[in-house]
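# Summary of the model geometry
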Amino acid sequence: QESSDDGEDVSLFDAGDEVPRKSRKKKIRHPLACFFHLFFRVTAIIVYLLCEFLSNSFIACFVAIILLLSCDFWTVKNVTGRLLVGLRWWNQVDDDGTSHWIFEARKPSSQGKTVGGEAESKIFWLGLIVCPIMWAIFVFSTFFSFKLKWLAVVMLGASLQVANLYGYIKCKVGSGKTLTSMATSYLGRQFLKSAMTKEESPEP
């Protein structure tokens, strides 16, 4: 099996998963993956918000939310990322005990084929970005409302969701780049574009 930090193809990505771009735009090829990509994380949020109405037992709600968050973390990290957007990340420990974080992205084939469709990509990234924001809000609301018994739950939810988000952003932008360097490069291009536009505009 071939693994690297710069997004090389590996055996986990099956060639049979690739289909022409046009057909992927028209339909969702992995409806079950799309469903479970959102099911566990959305259900965990709903249970947290409605736990006082669903059960009088704090322990039962606590365990239910932890199980949903754990299932979501495993599903998103190991299944839906590979199927929906062709990305995956994991930790590898060498024989000498050295730990490596590996971030991979499947490259488009020479025939112009890609992984996942536009609809699947939107579902993946929407769920990946919105839910961590929700848990971050819950962390602040827990402090302000003094419901400190929920602090462990909301912090775990935020941590697991942010970990998956960070991992897939690293896969998407490349392990050799940092978010700071990307932002600097983008701002530089925008500044240069604005300067060139001003120079080309005729004087009144």
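Quantities reported herein were computed from a predicted structural model and do not represent experimental measurements. (Residues numbered from 1 in each chain as written. Predicted model: local features only at pLDDT ≥ 70, side-chain atom pairs only at ≥ 80, totals over all residues. Heavy atoms only, no water.)

### As for a nonpolar patch on the surface
A surface patch of nonpolar side chains, amounting to about 670 Å² of accessible area, comprises Leu38, Val42, Ile46, Leu49, Leu50, Phe53 and Leu54. Examined against the element boundaries, Leu49 turns out to sit in helix α2 (residues 31-54). (Patch = residues over 30% accessible without salt bridge, like charges linked within 9 Å, V, L, I, M, F, W, Y side chains within 5 Å. Areas by Shrake-Rupley, 256 points an atom, 1.4 Å probe, with all protein chains shown as cover. Salt bridge = Lys/Arg side-chain N within 4 Å of Asp/Glu carboxyl O. Helix = DSSP H or I, 4+ residues; strand = E, 2+ residues; numbered from the N terminus.)

### Notes on the packing of helix α3 (residues 58-85) against helix α5 (residues 151-173)
Taken N-terminus to C-terminus, the directions of α3 and α5 make an angle of 5°; their axes are 10 Å apart at the nearest point. Relative to α5, the element α3 is oriented roughly parallel. Together, Phe62, Ile65, Ile66, Leu69, Asp72, Phe73, Val76, Lys77, Asn78 and Gly81 of α3 and Val153, Leu156, Gly157, Leu160, Gln161, Ala163, Asn164 and Tyr168 of α5 make up the contact between the two elements. Broken down by class, the residue content of the contact of α3 with α5 amounts to 11 nonpolar, 5 polar and 2 charged. (Axes fitted to C-alpha atoms, helices over the stretch in contact; angles between N-to-C directions. Parallel < 35°, antiparallel > 145°, perpendicular 65-115°, else oblique. Contact = heavy atoms within 4.5 Å. Nonpolar A, V, L, I, M, F, W, Y, C, P; charged D, E, K, R; others polar.)

### So, the packing of aromatic side chains
One pass over the full model with this rule turns up 15 aromatic pairs. Judged by centre distance (5.7 Å) and plane angle (50°), the rings of Tyr48 and Trp135 are tilted. Here Trp135 lies in helix α4 (residues 118-145) and Tyr48 lies in helix α2, a separation of 87 residues in the sequence. Exposure class is identical for Tyr48 and Trp135. Each is buried. Each ring, one from Phe73 and one from Trp89, has its centre 6.3 Å from the other, and the planes form 80°; the classification is edge-to-face. Highlighted residues: Phe73 in helix α3 and Trp89 in strand β1 (residues 87-93), separated in sequence by 16 residues. Accessibility expressed as a relative area gives 6% for Trp89, which makes it buried. The ring centre of Trp89 lies 5.0 Å from the NZ or CZ of Lys77, which sits over that ring. Directly above the aromatic system of Phe103 lies the positively charged group of Lys170, at a separation of 5.5 Å from the ring centroid. (Phe/Tyr/Trp six-rings, centres within 6.5 Å; stacked < 30°, edge-to-face > 60°. Buried < 20%, exposed > 50% of the residue type's maximum accessible area, 1.4 Å probe, protein only. Lys NZ or Arg CZ within 6 Å of the ring centre and 35° of its normal.)

### Some words on the confidence of the model for the chain
Of all residues in the chain, 68% have pLDDT values of 70 or greater, and the mean over the chain is 77. Contacts of residues 1-24 to residues separated by more than four positions or lying in other chains number 66 contacts, the stretch itself having pLDDT below 50. pLDDT under 50 marks residues 175-186. Its contacts with residues more than four places away, or in other chains, come to 8 contacts. (pLDDT = per-residue confidence, 0-100.)

### A few points about the pattern of salt bridges
This model, assessed by the stated rule, comprises 3 salt bridges. The partner of Glu104 in a salt bridge is Arg88, with the nearest N and O atoms 2.9 Å apart. With Glu104 in strand β2 (residues 99-105) and Arg88 in strand β1, the pair connects residues that are 16 residues apart, well separated along the chain. Arg88 shares its class with Glu104; the two are buried.

### Focus: α3
The principal kink in α3, of about 45°, is found at Val76. Just downstream of α3 lies Gly86, where phi reads positive at about 70°. (Bend = angle between axes of the 7 residues up to and from the residue.)

### Examining the side chain of Thr75
With respect to the secondary-structure elements, Thr75 resides in helix α3. Once residues lying within four places of it in the same chain are set aside, the contact partners of Thr75 are Phe36, Phe40 and Thr80.

### A few points about the pairing of β1
Regular strands have side chains that alternate between both faces of the sheet. Sheet topology places β1 next to β2; 7 bridges connect them, and they run antiparallel. For Trp89, the partnering residue across the bridge sits in β2 and is Phe103. Hairpin remark: β1 followed by β2, antiparallel, with 5 residues in the connecting loop; positive phi at Gly97, about 90°. (Pairing = 2+ DSSP bridges.)

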